[in-house]
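Analysis of the macromolecular model
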Amino acid sequence: MTDLIILTSEQNGCAYTIDSEGTLFYTPMLEGGGIETMDWIEVDHMSLLGEEKEIQDEIDKVHEQLITLNKALGWYYQTT
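What this report covers is the structure whose coordinates are included nearby. Computed from a predicted structure; not experimentally measured.

Quick look at the nonpolar core now. By size, the foremost hydrophobic cluster in this structure holds 13 residues, and its most contacted members are Tyr16, Ile18, Leu24, Val43, Ile59, Val62 and Leu66. Counting only elements with at least two residues in this core, the list comes to strand S2 (14–18) and helix H1 (53–72). Element by element, the count of residues in this core is highest for H1, at four residues. Apart from the residues lying within four places of it in its own chain, the contact partners of Val43 are Tyr16, Leu24, Phe25, Tyr26 and Leu48.

What follows covers the pattern of salt bridges. Evaluated as defined, the whole model comprises two salt bridges. A salt bridge links Asp57 to Lys53; its shortest N-O distance comes to 3.1 Å. Taken together, the residues span about one helical turn, with Asp57 and Lys53 both in helix H1 at a distance of four residues. Residue classification places Asp57 among the partly exposed residues on the basis of a relative accessible area of 37%.

So, how was this worked out
Residues numbered from 1 in each chain as written. Predicted model: local features only at pLDDT ≥ 70, side-chain atom pairs only at ≥ 80, totals over all residues. Heavy atoms only, no water. Core = buried A, V, L, I, M, F, W, Y, C linked by side-chain atoms within 4.5 Å. Buried < 20%, exposed > 50% of the residue type's maximum accessible area, 1.4 Å probe, protein only. Helix = DSSP H or I, 4+ residues; strand = E, 2+ residues; numbered from the N terminus. Contact = heavy atoms within 4.5 Å. Salt bridge = Lys/Arg side-chain N within 4 Å of Asp/Glu carboxyl O.

Structure (structure tokens):
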């Protein structure tokens, strides 16, 4: 990944980004709020089913925001 839009979630303690196909990735926020931009991990949506609803909702909200921002820049290509 080179050009990225990154959104952070204080609630989840992570930073999120997507690729051009909308795959969601995260990296934990470091103490002090920094992030490691070379260590992205794909979000496992199946494992989220066991998480609290607030966590799932926050991730869904961030994902939708990232898609909207990436579409505006022409970086997201939705397949039908």
